[in-house]
Every structure is written in structure tokens, then in C-alpha cells.
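Fold and geometry: a report
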Amino acid sequence: MIAGLEDVTSGEVWLEDRLVNDAEPGDREIAMLFKNSVLYPDMTVYGNLAFGLKLKHMPEGEIDRRVREAAGQLGLSALLEKTPDALSKGEALRVALGRVVVRSPRLILMDEPFSSLERKLQEEMRRELSRLHRELGLTIVYVAHDQAEACVLGTRIVLMKDGVIQQADTLEQIYDRPNNVFAAGYMGSPQMNRVDVVARKGGGAVILTAGADALAIRLPEDRGRLLEEQGYLDRPLVLGIRPEHLREAGRGQQAEGPVFQAEIQGRDEISGKTCLQFTMADAEWTACVEPDSRAGAGDTVKLALDVERIHIFDKDTREAVAR
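Just so it is clear, the structure is predicted and the values come from calculations on it, not from any experiment. (Residues numbered from 1 in each chain as written. Predicted model: local features only at pLDDT ≥ 70, side-chain atom pairs only at ≥ 80, totals over all residues. Heavy atoms only, no water.)

1. As for the overall build of the protein chain
- Secondary structure assignment for the protein chain yields eight helices and 17 strands.
- Principal-axis analysis of the C-alpha atoms gives the protein chain an extent of 80 × 50 × 25 Å.
- Taking the intrachain contacts of the protein chain between residues at least 6 apart in sequence as the baseline, contacts between residues at least 24 apart amount to 63%.
- Carbon and sulfur atoms make up 47% of the accessible area of the protein chain, which amounts to about 17,400 Å² in all.
- With 41 positive and 53 negative side-chain charges, the protein chain shows a separation of 2 Å between the mean positions of the two kinds. (Helix = DSSP H or I, 4+ residues; strand = E, 2+ residues; numbered from the N terminus. Contact = heavy atoms within 4.5 Å. Areas by Shrake-Rupley, 256 points an atom, 1.4 Å probe, with all protein chains shown as cover. Lys, Arg positive; Asp, Glu negative; His and termini not counted. Charge placed at Lys NZ, Arg CZ, Asp CG, Glu CD.)

Now the structure itself:
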């Protein structure tokens, strides 16, 4: 719909200050790059880069300038006379990217262009695209199912589920202030711990309890007051806490919060983090602890929870509450 290849049935598509619902695809100044973008096999790298410009009947001198400039930006200057069959996968993808950049479009649409590459080459191309984005001031709409790809490339991330936008924000905001359970679970590795809780009043404070009081978290006064004002006392809620906000008690900096004992069932290295797995309040938990921790399966350790970093969700609507 952004490109004009599908009709818009409701709503509006704006490119900067221009409404383009009825604009022809060729009039939108949009370029596209897909994961199966194919180069013209009988053309040189130079010919592939120049092809779209020739279709616009651009002067030869301007075509040559743009092609050589794009080739320099992408490290293709020494490959201009080669044909696609003489290129590596990475070089061919750079040419496909150059074919898009050389047109100086107002907007570039990318649909997982690196998904078919091996991991090392994926990382290299992400860095390359990120550099081009910064240096050329490109505006890019990039579709990704890979959380890591979204986090590396996205300056603004739109999370969608079943065609509905769940949250549109910066990576930091989605990570720190997720709108709902879906957004909370999508960002972060390992995933956020979640457990069913009930909010109750006791001792002049609001306390979240779970698993026949196996877990009890006394909320800060302002957070507890919000929960009470919103009518959530004695109602089912979902507590969320990221694994990195659970630490071994007495080690490193730790905000005030409850300390509880956990029998460790497993230990893994996940995304470069030392992670301990355990069960509490009828839920499976993960805590990311100090790398030099000696805790392992069968050990009982004391873990501290950073109460300032917990998330609370309505169990029925799955939306964040008392933020």
C-alpha cells in the first residue's frame, strides 16, 4: 500500500507532506529491496546500477556520477565491470542495495533482504545498511521478524500482531515501558518472566502475591496507589520482570526489593548472559546473574528482585496498568 501496489481500503498514506492514496506507483519516488532481489545477469555491475536511471532518461553524465558515487559508498568501485556470476553473495547484495540507493528515493521499502544470508554476512550487511542510513539520511521502512535485526536497525519500531499495531516507539521505550504483554515478550532475550498475581492491601501497602503467597512483592507507594485507584485490588493481574532485573542477593548494585530463595534447575549462557532457571509460584523463571556466579543446578541461592523495574498487566486485556 505504501508503494501503491495495493489499494488502500481505509485510512491515508502520507509521504512527508503529500497524500499519495491515489498516486501511481511510479510517481511516489519509492524504491524497494526484497530478500530475493535479482540482478540482471547479462549486465555488468555498472549496468545494473545505471539501469533504473536510464529508464528515467537521465543525462549520461549524471548517471555516471551517481553510479560511481554509489559504488564508492558501497565498496563496489573495483567491481563495476564484473557480471553478477562473478560476485560473491555479499557483493551481489551490495549491488542490489546500490541499485536502490543510486536513485535517491524519498523512501526505501525493505522486506527482510538479508534473511537468506548466513549469520556473519547478515551482521555485516546490517552494519553496512546502518552506516548508509546515517551517512545518507535515508528513510527506510524495514520488515523484520528477527528481534535482533529490529533492535540493530530500528530507530523507531512498529510492533504488529494479526495486522494490528501493538506499539510504535523507540527500542528503549518498548523495552522499558511495553504497552502490553505481547510487546513485553517480543523485546528482550531471554524473554521477560511472567507470573499470574493478585494485588491485595496489607500493612498499609499494596502487595502482589502469587502461588499461595510463595511470592509477595510490596509495591512502592506511588505504584500501589495507582493500582488501587484503577480498581485492580483483588483482581487477577500478570506480573512481568526481566531476567536481568533478578540478581543474586548481595552481589553488584541492586535496588531495594524482595529477596527470596530459589532452587536452581539449570544454568545456560544465553545471548552472552549467565542465566539461571528455577520454578517459583507455579511459573518457570530465568535470572541473569553475574558472569562469575558459581550457582548451578541443584544449588539454592538467594535472589533479589528490582521492584522498581517490574511490569504489571491486566490479565484479561493484556494491557499494561499502573505505569
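Additional details are given in the paragraphs that follow.
2. Brief notes about unusual backbone geometry
- With omega at 0 degrees, the peptide bond leading from Ser189 into Pro190 counts as cis.
- With respect to the helices, strands and loops of the structure, Pro190 is situated in the loop between α7 (181-186) and β8 (193-202).
- For Arg318, which is not a glycine, the phi torsion comes out positive at approximately 70 degrees.
- Inspection of the secondary structure assignment puts Arg318 in the segment after β17 (311-314).
- Located in the positive-phi region is Ala322, a residue other than glycine, with phi close to 50 degrees.
- If you trace the backbone, Ala322 turns up in the segment after β17.
- A relative accessible area of 1% places Ala322 in the buried class. (Buried < 20%, exposed > 50% of the residue type's maximum accessible area, 1.4 Å probe, protein only.)

3. Considering a nonpolar patch on the surface
- Taken together, the side chains of Leu5, Met32 and Phe34 present a nonpolar region at the surface, about 280 Å² in accessible area.
- Counting through the fold element by element, Leu5 comes out in the segment before β1 (14-15).
- For Leu5, a relative accessible area of 58% corresponds to the exposed category. (Patch = residues over 30% accessible without salt bridge, like charges linked within 9 Å, V, L, I, M, F, W, Y side chains within 5 Å. Salt bridge = Lys/Arg side-chain N within 4 Å of Asp/Glu carboxyl O.)

4. Quick word on helix α3 (residues 89-101)
- Between the first and last C-alpha of α3 there are 18 Å, a value that for 13 residues agrees with the 18 Å anticipated at 1.5 Å per step.
- Of all the 13 residues making up α3, 10 are buried; the element is thus mostly covered by neighbouring parts of the structure.
- Next to the buried residues of α3 lie β3 (30-34), α1 (45-55), α2 (60-74), β4 (107-111) and α4 (119-136). (Expected span 1.5 Å × (residues − 1).)

5. Looking at the sheet that holds strand β16 (residues 300-305)
- Read across the sheet, five strands follow the order β12-β16-β13-β14-β15 without closing on themselves; strand pairing throughout is antiparallel. If you trace the sheet from one side to the other, it starts and ends with β12 (246-248) and β15 (283-289), each paired once. Each adjacent strand pair in this sheet contributes to an overall mean axis angle of 50 degrees, direction not counted.
- Sheet topology note: the strand β13 (residues 259-270)/β16 ladder contains five bridges and is antiparallel. Bridging across to β16, Gln261 finds its partner in Lys302. (Pairing = 2+ DSSP bridges. Axes fitted to C-alpha atoms, helices over the stretch in contact; angles between N-to-C directions.)

6. Describing the nonpolar core
- In terms of nonpolar packing, the biggest core is built from 36 residues, with Val67 and Leu97 touching the most fellow members.
- Contributing elements (two or more residues each) for this core: β3, α1, α2, α3, β4 and α4.
- Top contributing element to this core by residue count: α3, with six residues.
- With residues up to four places along the chain from it excluded, the contact list for Val67 reads Tyr46, Leu49, Ala50, Leu53, Leu80 and Val102.
- Counting residues in each nonpolar core, the second largest holds 35 residues, with Leu239, Ile241, Ala281 and Trp285 among its members. (Core = buried A, V, L, I, M, F, W, Y, C linked by side-chain atoms within 4.5 Å.)

7. Considering the environment of Phe51
- Here Phe51 is to be found in helix α1.
- Residue Phe51 is classed as partly exposed on the basis of its relative accessible area of 27%.
- In this structure Phe51 touches Tyr40 and Met43, once residues within four positions along its chain are discounted.

8. Points about the confidence of the model for the protein chain
- Here the protein chain averages 91 in pLDDT, while 98% of its residues score no lower than 70.
- Per-element mean pLDDT across the protein chain ranges from 85 in helix α5 (residues 147-153) up to 97 in β17. (pLDDT = per-residue confidence, 0-100.)

9. Comments concerning the pairing of strand β14 (residues 273-280)
- Most of β14 is tucked away: six of the eight residues are buried.
- Alignment of β14 against β15, held across seven bridges, turns out to be antiparallel. Counterpart to Phe278 in the pairing with β15 is Trp285.
- If you look at the hairpin formed by β14 and β15, you'll find two residues sitting between the two strands, and Ala281 has a positive phi there, around 50 degrees.

10. Section: the packing of α1 against α3
- Interhelical geometry of α1 versus α3 gives an angle of 30 degrees and a closest axis separation of 8 Å. Relative to α3, the element α1 is oriented roughly parallel. When you trace α1 past α3, the crossing you get is right-handed. Within the contact between the two elements, α1 uses Val45, Asn48 and Leu49 and α3 uses Val95, Gly98 and Arg99.
- Class assignment of the residues belonging to the contact of α1 with α3 gives a composition of three nonpolar, two polar and one charged. (Parallel < 35°, antiparallel > 145°, perpendicular 65-115°, else oblique. Left-handed = near helix turned anticlockwise from the far one by under 90°. Nonpolar A, V, L, I, M, F, W, Y, C, P; charged D, E, K, R; others polar.)

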